[in-house]
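Overview (structure and organization)
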Amino acid sequence: MTSVPLAELALAPLLQALPCGAALLSRDGRIDHANERLCAMMGRAPADVIGASLLSICAPDAEAREPVRRLLEHFEQPHEEEFYLPLPDGSRLPVLASARAVTGDERPAYRLVTIIDLSRQKKSEEELRSQYQIVAQLGNTFLGQAENLKKYSQLLEDRVTERTAELREANLDAIYMLAVACEAKDEDTGRHVRRIRDYAEAMARELGFEARDAESIGYSAVLHDVGKLHVPDHILKKPTALTDEERLIVQQHTLAGERILSDKPFFRKARLIARGHHENWDGSGYPDTAAREAIPVEARIVHLADVFDALTSPRAYKHAWAAADAAGVIRESSGRMFDPEIVRAFESLFARGALPRA
């Protein structure tokens, strides 16, 4: 098969436009073109990258070299893999590489390889993993002691109750650490998630939920925006209107949040809230355009709490609204954005001055 020159493929402008590192890789492993983002990611000048062998660049590190060999051995097949990219200073950059053949030929001459920097994600994962290991160690310690406590008197049973409370507090602390990590890009770090917790719990109680269920909705609500870990800073902090493409990226945080939270029963409400807290009562929300009772009630409650807090808190693009003005918007959006029953509960709390405020 005859190789197709890069100029004829007209891929150079496309590679430069991609929001990630990208390269055009020939069958023999040569980098025929690389965009500026990839060169910056690799810490090398374009002249040192373009025309070089991908294997030679990765040669100092056997761990990075093996994924490259697998990529070249199966050139026609789509390939996606995480690995560490060696840098000139001897450090390693965690990346996600995806490769696809440029054409559908039986033996394509080129593959388009995209490289995404995972360093921030890996750092967050490591911090969260460390936090959860602490919680797990506390849990294991408690379980071991609980076996012995069965043999003891009422005094030791009281100690079991105390240990159970401590473990529950440890779990809640882990939840708040994760939530605050998600809000770390905001100047209102910590206070926002606690207000959402208080609003959601108060409205759940007003709606008739048992105290324990209302509290569960409250602490699950603090993880509503956990998916924003995957949204770039320059979009979250943008002081002007978002483009359509940026808005789609932000909307993906609902799905990312659901994925981040584990499938354990303890996080069931949090998963429902993370995915559904931007759904509108009339079906005009996202990501599922669900409507009315098809939206989990926990998500409906947090949706109203989140909007009220967003209106009454300062943002990069606006000043904080007066609480009465924000309450008026909530009232006007009943039956469109919000469940009318939840709006009535909110208005009852607001009229009595019983709505918590951090």
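Okay, so let's go over this structure. (Residues numbered from 1 in each chain as written. Predicted model: local features only at pLDDT ≥ 70, side-chain atom pairs only at ≥ 80, totals over all residues. Heavy atoms only, no water.)

1. A few points about the overall build of the protein chain
- Scanning the protein chain from N- to C-terminus turns up 17 helices and five strands.
- Long-range pairs, those at least 24 residues apart, make up 52% of the contacts in the protein chain between residues at least 6 apart in sequence.
- With an accessible surface of roughly 19,000 Å², the protein chain has 53% of that area assigned to carbon and sulfur atoms. (Helix = DSSP H or I, 4+ residues; strand = E, 2+ residues; numbered from the N terminus. Contact = heavy atoms within 4.5 Å. Areas by Shrake-Rupley, 256 points an atom, 1.4 Å probe, with all protein chains shown as cover.)

2. Focus on the pattern of salt bridges
- Per the counting criterion, the structure on display carries 16 salt bridges.
- Residue E246 is joined to K238 by a salt bridge in which the shortest nitrogen-to-oxygen separation is 2.7 Å. For the residue pair E246 and K238, the accessibility class agrees, reading buried in each case.
- Bridged by salt links that share partners, the residues D28, R30 and D32 form one connected network. (Salt bridge = Lys/Arg side-chain N within 4 Å of Asp/Glu carboxyl O. Buried < 20%, exposed > 50% of the residue type's maximum accessible area, 1.4 Å probe, protein only.)

3. A few points about the sheet that holds strand β4 (residues 92-101)
- If you trace the five strands from one edge of the open sheet to the other, you get β2-β1-β5-β4-β3, paired in antiparallel fashion. The strands lining the two open edges of the sheet, one partner per strand, are β2 (31-34) and β3 (79-86). The mean inter-strand angle of the sheet, taken between neighbouring strand axes irrespective of direction, is 30°.
- Note that strand β1 (residues 21-26) and strand β5 (residues 110-117) share six bridges and pair antiparallel. For L24, the partnering residue across the bridge sits in β5 and is L112. (Pairing = 2+ DSSP bridges. Axes fitted to C-alpha atoms, helices over the stretch in contact; angles between N-to-C directions.)

4. A short note on the packing of aromatic side chains
- What the rule picks out here adds up to four aromatic pairs.
- Between the aromatic rings of F308 and F346, the centroid separation amounts to 5.1 Å while the plane-to-plane angle is 65°, which identifies the pairing as edge-to-face. In this pair, F308 is assigned in helix α15 (residues 297-312) and F346 in helix α17 (residues 340-352), connecting sequence segments 38 residues apart.
- Judged by relative accessible area, which is 1%, F346 ranks as buried.
- Note on F308 and F350: the rings are 6.4 Å apart at their centroids and 75° apart in plane angle, and the pair reads as edge-to-face. Remark: F350 occurs in helix α17 and F308 occurs in helix α15; sequence separation between them is 42 residues.
- Its relative accessible area of 4% is what places F308 among the buried residues.
- F350 gets classed as partly exposed once you look at its relative accessible area, which sits at 29%. (Phe/Tyr/Trp six-rings, centres within 6.5 Å; stacked < 30°, edge-to-face > 60°.)

5. Regarding the layout of surface pockets
- The computed volume of the largest pocket comes to approximately 1,600 Å³.
- D117, Q121, L229, H230 and V231 are, among the 41 residues lining the largest pocket, the residues nearest its centre.
- Within the residue set of the lining of the largest pocket, elements represented by two or more residues are α3 (36-42), β5, α7 (119-149), α8 (154-182), α11 (233-236) and α12 (244-251).
- Per-element tally for the lining of the largest pocket: the top contributor is α7, with nine residues. (1 Å grid on protein atoms, 1.4 Å probe; cavity = no way out; pocket = protein on both sides within 12 Å on 5 of 7 lines; lining within 4 Å. Points joined across faces, edges and corners; volume = space filled by probe spheres on them.)

6. Brief notes about the packing of α15 against α17
- It is at 10 Å that the axes of α15 and α17 come closest, and there the two elements cross at 45°. The angle between α15 and α17 falls in the class oblique. Crossing of α15 over α17 shows right-handed handedness. The residues of α17 that touch α15, namely those facing V297, R300, I301, L304 and F308, are I342, V343, F346 and F350.
- Tallied by class, the residues present in the contact of α15 with α17 amount to eight nonpolar, no polar and one charged. (Parallel < 35°, antiparallel > 145°, perpendicular 65-115°, else oblique. Left-handed = near helix turned anticlockwise from the far one by under 90°. Nonpolar A, V, L, I, M, F, W, Y, C, P; charged D, E, K, R; others polar.)

7. A closer look at the environment of S262
- Counting through the fold element by element, S262 comes out in the loop between α13 (253-260) and α14 (268-276).
- Dropping the residues within four chain positions of it, S262 is found in contact with F267 and R271.

8. Observations concerning the environment of A291
- The topology assignment puts A291 in the loop between α14 and α15.
- The class of A291 is partly exposed, set by a relative accessible area of 30%.
- Remark: the alpha-carbon pair of A291 and R336, spanning 45 residues in sequence, is separated by 9.7 Å.

9. Structural notes on the environment of R205
- Turning to its location among the elements, R205 is positioned in helix α9 (residues 191-206).
- Considered as a pair, R205 and A345 are 140 residues apart in the sequence and their alpha carbons are 9.1 Å apart.
- Once you skip the residues sitting within four places of it in the chain, R205 turns out to touch A211 and A214.

10. Quick notes on α13
- Listed in full, the buried residues belonging to α13 are H253, T254, A256 and G257. Mapping the buried residues of α13 onto a view down its axis gives an arc of 165°, with all of them on the same face.
- Summarising the contacts, the buried residues of α13 are in contact with α12 and α14. (Arc of directions from axis to C-beta.)

11. Overview of empty space enclosed by the protein
- Applying the stated rule across the entire model yields two cavities of 30 Å³ or more.
- There is about 180 Å³ of room inside the largest cavity.
- Taken together, 16 residues line the largest cavity, and the ones lying closest to its centre are L54, F83, A97, V113 and I115.
- The greatest single-element share of the lining of the largest cavity, amounting to four residues, is contributed by β3.
- Per-class residue counts for the lining of the largest cavity are 14 nonpolar, one polar and one charged.
- Taken as a whole, the second largest cavity holds about 40 Å³ of empty space.

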